[in-house]
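As a plain string of letters, each chain reads:
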Amino acid sequence: MTSPWFRLLMVTLSLGPLSAMAASGHADAVDPRIGTGGDGHTFPGATVPFGMIQLSPDTAMPDFKHAYKWAAGYQYGDPTIMGFSHTHFSGSGHSDLGDVLVMPISGEVRLEPGDATKPGSGYRSRFSHASEVEQPGYYAVTLSDYDVRAELTASRRIGWHRYTFPIGKPAHVLLDLRPSIYDYPGKVLWADLHVHADGVVTGCRTTRGWAPGRELCFAMRFSQPMSSRELYNRETDIVYKGFAGPGNQLEDRNAQNGRALVGVFDFGALKQPLEVKVAISAVSEANAIANLDQDGQGWDFDGQRAAAKAAWDKALSVIDVDGTPAQRTGFYTSLYHAMLAPTLSMDTNGDYRGPDHQVHHAQDDQGGFEFYSSWSMWDVYRAEEPLMVLLRPDLSTQFIRSLIAAQQASPFGMLPVWSYQGLETWCMTGYHAVAIIADAYIKGVRGFDADHAMKAMVSTATYGNYGDLADYMKLGYVPIDKEVEGGSKTQEYAYDDWAIAQMAKAMGKADIAATFEKRATNWRNVWDPKTGFMRAKLSNGQFREPFDPASAAYGSDYTEANAWQYSWYVPQDVAGLIAAFGGDAKFVDKLDQMFDAKVDPSIFKNVEDITGLIGWYAHGNEPSHHIAYLYDYAGAAWKTQQRLKQIMDSQYATRPDGLVGNDDLGQMSAWYVFTALGFYPVTPASDEYAIGRPFVPKAAIHLPNGHTFTVVADRLDDAHPYVGAVTLNGKPLDRVYLRHAEILGGGELHFTMQAQPNRTWGIGDAARPAASSRYGQ
């Protein structure tokens, strides 16, 4: 039952400073619940754009073999909350984190989380969605078993908590350093916990998770003094206990270490809300304290909440969108999700942890910079990072300097593949950091050392021990009898090689450009004209048999896909791919076959990432993301428009299960943003965008150079799904692509929508996006 004091407080707050924060801003259109159900794997909690802290509720942290749906710690359908932790990925398909879990408790304290199906069995609490408030930079919920109102907000390096306890009951805060997202027995290798004389609580823990040996430290400060505290090490069956002494006991009030640490901090019966601030550091407790002191002065929770909202309003103001409430919510929630990662991974003094596990300082030939991590390269190079190049080239510069610094610290001389908090996981395939760097450079982003970047790119692309690059460089393909997923790896390497060649060419490095342009054609080595699919080859040059284009499995010819899904991946040379298929008509027919196929989703029951099926097309996974735009390249732009409408209508919705697949650190959402605007970067590291059709009536992109590029769509409704005509700055546009410079120049892209397809727009070879090969060959 909600206490009368709590109800009075809520009424008071609603009339006070919180009402001022409801002022108009695009953050008001965001719904952080979208993606928190189903397989979206997003979190509803508090963070700021690209912030180091993601303070969010965790409803479960099961063992890693059963943790897929809890990759962000929260599932919308769960009935209980076990606590609030400070680090989360947004939309990842594998996971870790969930660091520094805190739970406010009134009354009796239980030290174990308990069973969600058995109320009162542990410290977790039931809750109701009716009590939740989810806004950019703010989350609140009532923990009904404790009658505690929990509120969360964040700054860049600090999680801010405010807990309103019921009057007359003792208030406690429990800190549990045992649980972790994607957990397993023994994942915590070591942890320590200290209570300082001034009441600050600090600690570190080292885990063996996705990034083995990851250490995360924290510093926690309370707004009111503790009345007492207990620190526990809940380990059992300790084989070697060492010698007795302070800090080496299972219970101690000032310091504790071990593998199963819990702290309980008591505050008696409080007459006012308790505030808690928690800063984190991947380097040390001392740096966490410095982060807390420098970034978290004072005790103004409402002020910080207002600052977080202002940060989001500013970030989202780069695009003004007109439309229905549902259109605005879908658009701005997608833009919000696209601005959650990569994350700041550096302390206030410039220290960060590198892939060599050593401490580095963010300083290069260009001066100081901000170090960012959380790089899901296989996903975000496609649209999320190109979106940042367009909207925030200043951040792209910081991102690229971070990538170069990571490569220079890598024991293998490689750019990040899938890294977080500076550490490498080796998850997924390709070396797509090169595409992120090349895309930015080709589009005019500067402020980083291009020579150092090129050196890092070439070093990465020639490290033979990675993904059998040695055989790739020798044979021109990745042999499947030497390396799993050899078919798709060959295709991805070839695209990345093309990206390196484009930047090298732009820099005047002809020898590097020639080497990698040749490697960029290696996709032809896994094309099988007999079956009409990309296929993996053996070391002897023969295609692997037997072959089933519908088959998909981990460790097969393809990464999280089958032949139907990966045979379209030649973004650098779609014209060459069309020729391989036998020309426009056959290419379009095969695309139609893929979208129109009758497919039983159960065929992918053992490949959890393949979701969002339209025929064989799988929008819930990245290899499909560019495919609908390929009709543009074959003179059938109207079919691109048709398929995009089909995808937008079926794969996105403004509800908790509104994402059909993992958001993958913003890639699914960035696809939505670009597609809603009417164009998409099919080939990052080119200066062109394929035109689709808009899904909002008007959008004004406010560019960093002071110009505004506006997209307008007349008669945009379900009755007019096709593009009838397009003008750019008042002049007819007879091609199906935009140049990056045309967007940066400002102006207006005007679509006139109609009921029937315009089958003649963009059919000529010159009207199609660029490709390595000439059309019609």
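Higher on the page you've got the structure.
Summarised in this report is the structure supplied together with it. Fair warning: this is a prediction, and the values are worked out from it, not measured in the lab.

1. Section: the overall build of the protein
Check the secondary structure of the protein and you find 19 helices and 40 strands. The C-alpha atoms of the protein give a radius of gyration of 27 Å, which matches the 28 Å a tight globule of 777 residues would have. Its C-alpha atoms put the protein at 80 × 55 × 55 Å along the principal axes. Burial analysis of the protein (777 residues in total) assigns 64% to the buried set. Here the analysis covers contacts within the protein between residues at least 6 apart in sequence; of these, 70% occur between residues at least 24 apart. Looking at the protein as shown, the accessible area adds up to about 26,600 Å², and 52% of this sits on carbon and sulfur atoms. Treating the 66 positive side-chain charges of the protein as one cloud and the 88 negative ones as another, the clouds have centres 2 Å apart.

2. So, a nonpolar patch on the surface
Together, Val239, Tyr240 and Phe243 give the surface a local cluster of nonpolar side chains, amounting to about 490 Å² of exposed area. Structurally, Phe243 is set in the loop between strand S14 (228-233) and strand S15 (251-252). Phe243 sits in the exposed class, given a relative accessible area of 71%.

3. Remarks on empty space enclosed by the protein
To locate leftover empty space, one rolls a probe as large as a water molecule over the atoms. On inspection of all chains with the given rule, the structure shows three cavities of 30 Å³ or more. By volume, the largest cavity amounts to about 190 Å³. Approximately 80 Å³ is the volume attributed to the second largest cavity. In terms of lining residues, the second largest cavity is bounded by Tyr381, Arg382, Tyr495, Tyr569, Pro571, Glu622, His625, His626, Tyr680, Pro681, Val682 and Pro684. Taken together, the residues of the lining of the second largest cavity sort by class into eight nonpolar, two polar and two charged.

4. So, the packing of helix H16 (residues 584-596) against helix H17 (residues 637-651)
In the contact formed by H16 and H17, the axes pass within 12 Å of each other and the chain directions differ by 15°. Comparing their axes, H17 and H16 come out roughly parallel. Seen along the crossing, H16 lies across H17 with a hand that is left-handed. Counting all contacts with H16, which are made through Val588, Asp592, Phe595 and Asp596, the residues of H17 involved are Lys639, Arg643 and Ile647. Taken together, the residues of the contact of H16 with H17 break down into three nonpolar, no polar and four charged.

5. What about helix H3 (residues 285-295)?
Here H3 has its buried residues at Glu285, Asn287, Ala288, Asn291 and Leu292. One face of H3 carries all of its buried residues, which in axial projection span an arc of 160°. Residues of H3 that are exposed and point over 90 degrees away from its buried face: Ala286 and Gln294.

6. Section: the packing of helix H10 (residues 450-461) against helix H13 (residues 510-519)
At their nearest, the axes of H10 and H13 sit 13 Å apart, and the two run at 40° to each other. Compared by their axis directions, H10 and H13 come out oblique. By crossing handedness, the relation of H10 to H13 is classed as left-handed. Residues Met454, Val458 and Ala461 of H10 lie in contact with H13, whose contacting residues are Ile512, Phe516 and Arg519. The residue makeup of the contact of H10 with H13, split by class, is five nonpolar, no polar and one charged.

7. Let's talk about the layout of surface pockets
Space inside the largest pocket adds up to approximately 480 Å³. As for the largest pocket, its lining consists of 23 residues, of which Gln327, Met648, Asp649, Tyr672 and Phe695 are closest to the centre. Elements represented by at least two residues in the lining of the largest pocket include exactly helix H5 (325-338), H17 and helix H18 (667-677). Looking at the lining of the largest pocket element by element, the count peaks at six residues for H5. Considering only residue class, the lining of the largest pocket consists of nine nonpolar, nine polar and five charged.

8. Looking at the side chain of Gln407
Among the structural elements, Gln407 can be located in helix H8 (residues 393-409). The contact partners of Gln407, leaving out residues within four places of it in the chain, are Gly413, Met414, Leu415, Ala456, Ser459 and Thr460.

9. Points about the sheet that holds strand S33 (residues 679-680)
With respect to topology, three strands assemble into an open sheet ordered S33-S34-S39, the strand pairing being antiparallel. A single partner strand is all that each edge strand has here, and the edge strands are S33 and strand S39 (737-739). Bridging between strand S34 (residues 688-691) and S39 involves three bridges; their strand directions are antiparallel. The residue bridging Glu688 from the neighbouring strand is Arg739, located in S39.

10. Comments concerning the sheet that holds strand S26 (residues 375-376)
As summarised here, the arrangement of the three strands in space is S26-S27-S28, forming an open sheet in which the pairing is antiparallel. A single partner strand is all that each edge strand has here, and the edge strands are S26 and strand S28 (423-424). Examined bridge by bridge, S26 and strand S27 (residues 418-420) share two bridges and lie antiparallel to one another. Across the sheet, the residue bridging to Ser376 is Trp418, located in S27.

11. Let's talk about the packing of aromatic side chains
Counted under the stated rule, the structure contains 48 aromatic pairs. Through a chain of ring-to-ring contacts, three or more aromatic side chains come together here, namely Tyr629, Tyr652, Trp671, Tyr672, Phe674, Phe679, Tyr680 and Tyr689. Of note, Lys590 hangs over the ring of Phe533, and the distance from its end group to the ring centre comes to 4.1 Å.

12. Comments concerning the pattern of salt bridges
Here the structure, examined in full by the defined rule, presents 40 salt bridges. Among the salt bridges present, the one from Asp99 reaches Arg205, with a minimum N-O distance of 3.2 Å. Residue Asp99 is found in the loop between strand S3 (83-85) and strand S4 (101-106), and its partner Arg205 is found in strand S12 (residues 201-208); the two are separated by 106 residues along the sequence. Under the relative-accessibility criterion, Asp99 is labelled buried at 1%. Notably, a salt bridge pairs Asp176 with Arg178, separated by 2.8 Å at the nearest N-O pair. Look at the salt bridges and you will find they share partners, linking Asp96, Asp99, Lys187, Arg205 and Arg214 into a network.

Basis of the calculations
Residues numbered from 1 in each chain as written. Predicted model: local features only at pLDDT ≥ 70, side-chain atom pairs only at ≥ 80, totals over all residues. Heavy atoms only, no water. Helix = DSSP H or I, 4+ residues; strand = E, 2+ residues; numbered from the N terminus. Rg over C-alpha atoms; globule rule 2.2 N^0.38 Å. Buried < 20%, exposed > 50% of the residue type's maximum accessible area, 1.4 Å probe, protein only. Contact = heavy atoms within 4.5 Å. Areas by Shrake-Rupley, 256 points an atom, 1.4 Å probe, with all protein chains shown as cover. Lys, Arg positive; Asp, Glu negative; His and termini not counted. Charge placed at Lys NZ, Arg CZ, Asp CG, Glu CD. Patch = residues over 30% accessible without salt bridge, like charges linked within 9 Å, V, L, I, M, F, W, Y side chains within 5 Å. Salt bridge = Lys/Arg side-chain N within 4 Å of Asp/Glu carboxyl O. 1 Å grid on protein atoms, 1.4 Å probe; cavity = no way out; pocket = protein on both sides within 12 Å on 5 of 7 lines; lining within 4 Å. Points joined across faces, edges and corners; volume = space filled by probe spheres on them. Nonpolar A, V, L, I, M, F, W, Y, C, P; charged D, E, K, R; others polar. Axes fitted to C-alpha atoms, helices over the stretch in contact; angles between N-to-C directions. Parallel < 35°, antiparallel > 145°, perpendicular 65-115°, else oblique. Left-handed = near helix turned anticlockwise from the far one by under 90°. Arc of directions from axis to C-beta. Pairing = 2+ DSSP bridges. Phe/Tyr/Trp six-rings, centres within 6.5 Å; stacked < 30°, edge-to-face > 60°. Lys NZ or Arg CZ within 6 Å of the ring centre and 35° of its normal.

In short, the description is geometric, and any link to function would need to be established separately.
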